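Letter by letter, the chains look like this.
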Amino acid sequence: MKKQLGFTLLVVLLALGLLSACGTSSNNGNNAGNASKAQPAIADQQESGKSAGIDAGILSKIKERGKLIVGVFSDKPPFGFTNEKGELVGFDNDLAKRFAKDLLGDESKIEFVVVEPASRIPYLQSDKVDLIVANMTVTDERKEIVDFTNPNLKVTTQVLVNDKSSIKTLDDLKGKKIIVTKGTTADIFFTKNYPDVELVKFEKNTESLQALKDGRGVGYAQDNFILLAWARKNPGFSLIPEKLEKESPIAPAVKKGNTVLRDWVNQELESLGKEKFLLQLYDTYVKDELGADVTPDDIIVEGGHWK
């Protein structure tokens, strides 16, 4: 009898063991299935992190470094120039200082790197600067290799000529020498669309303007507000009424893929628009340079809202 009870108990224990094993096996299978399903999600998150921008931690890096590095002009008044004290000032340069103040708590926590039109994009691509705030017109070609923020200015490109010349229209430029600054929108436009025009190229805006003054070309093609400001101080020069292209936005630029810094600047421009900060800069630097015939709405894009 005892043997029979012992045998029965053994059978029951074995059955329970098998059931337990089956349950464990089933749970392991479910866990493996869940792990298998979770794996793509993790991969997706990682991929999402990659696509979020090449410098996801760029703001932290800038804060740890303790300064914002910005490419600016030193010879393009009233937007970026060197004053009598040797300081880099102007509409663009003061905007960059405000970026530093709002990001790092102090506008002096900025390092200006002087750029020329042709060096702006290479400086971004080689990480010599975090940001370009140097009158860069947004074009489809440039958007392929850098990321632009929302605009802060608008511009058209025109040609300034000596009043003594017979140049009245763009067609009159055929076969003539036109001065451009390398890497500008004007340089790109004439190279692409006016093969009959001989381009005389210089690295700096100041060199190009001096060349125009010296008569080394019949005209100088550049952003219209730069030409208007210079012509007011140098009588005897006028703009050809025709515009090279339609009105275009000007915007700060970041390295391609740096969406984090781009988005921060966009938010900053939105915020500054509420206090009319660009209008303040316009009144400080641009108003007297361009004269009463030009209104702020012809030049600035407050809040980053392009209309």
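Refer to the structure printed above.
Presented here is a report on the structure given in the accompanying data block. This structure is a prediction, so every number in the text was calculated from the model and none was measured. Per chain, the residues get numbers from 1 upward, laid out in the order the sequence is written. Only residues with pLDDT of at least 70 get local features here, since the model is predicted, and only at 80 or more are side-chain atom pairs given and counted; chain-wide, interface and lining totals rely on the full set of residues. With hydrogens and water excluded, all non-hydrogen atoms of the structure serve as input to the side-chain values.

## Considering the pattern of salt bridges
Inference 1: Here, a salt bridge means any side-chain nitrogen of Lys or Arg that lies within 4 Å of a carboxyl oxygen of Asp or Glu. This model, assessed by the stated rule, comprises 16 salt bridges.
Inference 2: With its nearest N and O atoms 3.1 Å apart, the salt bridge here joins Lys 256 to Asp 147. On the criterion of sequence distance, the pair formed by Lys 256 in the loop between β15 (253-255) and α9 (259-274) and Asp 147 in strand β7 (residues 146-148) is long-range, its members being 109 residues apart.
Inference 3: Remark: exposure states derive from per-residue accessible area (1.4 Å probe, protein chains only) relative to the maximum for the residue type, with buried under 20%, exposed over 50%, and partly exposed in between. Relative accessible area serves as the criterion here: at 37%, Lys 256 is assigned to the partly exposed category.
Inference 4: Each of the salt bridges in this network shares a partner with another, and the network as a whole consists of Arg 98, Asp 102 and Glu 275. Helix and strand assignments come from DSSP, with helices taken as H or I runs of at least 4 residues and strands as E runs of at least 2, each series counted from the N terminus.

## Describing the layout of surface pockets
Inference 1: Here a cavity denotes grid points, spaced 1 Å and computed from the protein atoms alone, that fit a 1.4 Å probe unable to get out, and a pocket denotes an open set having protein on both sides within 12 Å along at least 5 of 7 lines; residues with an atom within 4 Å of a point are the lining. Grid points are joined across faces, edges and corners, and a volume is the space filled by probe spheres set on the points. By volume, the largest pocket amounts to about 400 Å³.
Inference 2: As for the largest pocket, its lining consists of 19 residues, of which Val 138, Thr 139, Glu 141, Glu 245 and Ser 248 are closest to the centre.
Inference 3: Of all the secondary structure elements, the ones that give two or more residues to the lining of the largest pocket are α5 (140-143), α6 (185-193) and β14 (248-250).
Inference 4: Tallying contributions element by element places α6 first for the lining of the largest pocket, with five residues.
Inference 5: Tallied by class, residues from the lining of the largest pocket come to five nonpolar, seven polar and seven charged.
Inference 6: Size it by volume and the second largest pocket reaches roughly 290 Å³.
Inference 7: Gln 158, Asn 224, Leu 228, Val 294 and Asp 298 are the residues nearest the centre of the second largest pocket, which is lined by 16 residues in total.
Inference 8: Breaking the lining of the second largest pocket down by element, the ones donating at least two residues are β8 (153-155) and α8 (224-233).
Inference 9: Considering each element in turn, the lining of the second largest pocket owes the most residues, five residues, to α8.
Inference 10: The classification used treats Ala, Val, Leu, Ile, Met, Phe, Trp, Tyr, Cys and Pro as nonpolar, Asp, Glu, Lys and Arg as charged, and all other residues, Gly among them, as polar. Of the residues belonging to the lining of the second largest pocket, the class tally is seven nonpolar, three polar and six charged.

## Considering the pairing of strand β12 (residues 219-223)
Inference 1: The buried fraction of β12 amounts to five of the five residues, a majority that puts the element mostly inside the structure.
Inference 2: Here, strands pair whenever DSSP counts at least two bridges between them. Taken together, the two bridges between strand β10 (residues 177-181) and β12 define a ladder with parallel strand orientation. Bridge assignment links Ile 179 to a residue of β12, and that residue is Tyr 220.

Coordinates in, geometry out; function isn't part of it.
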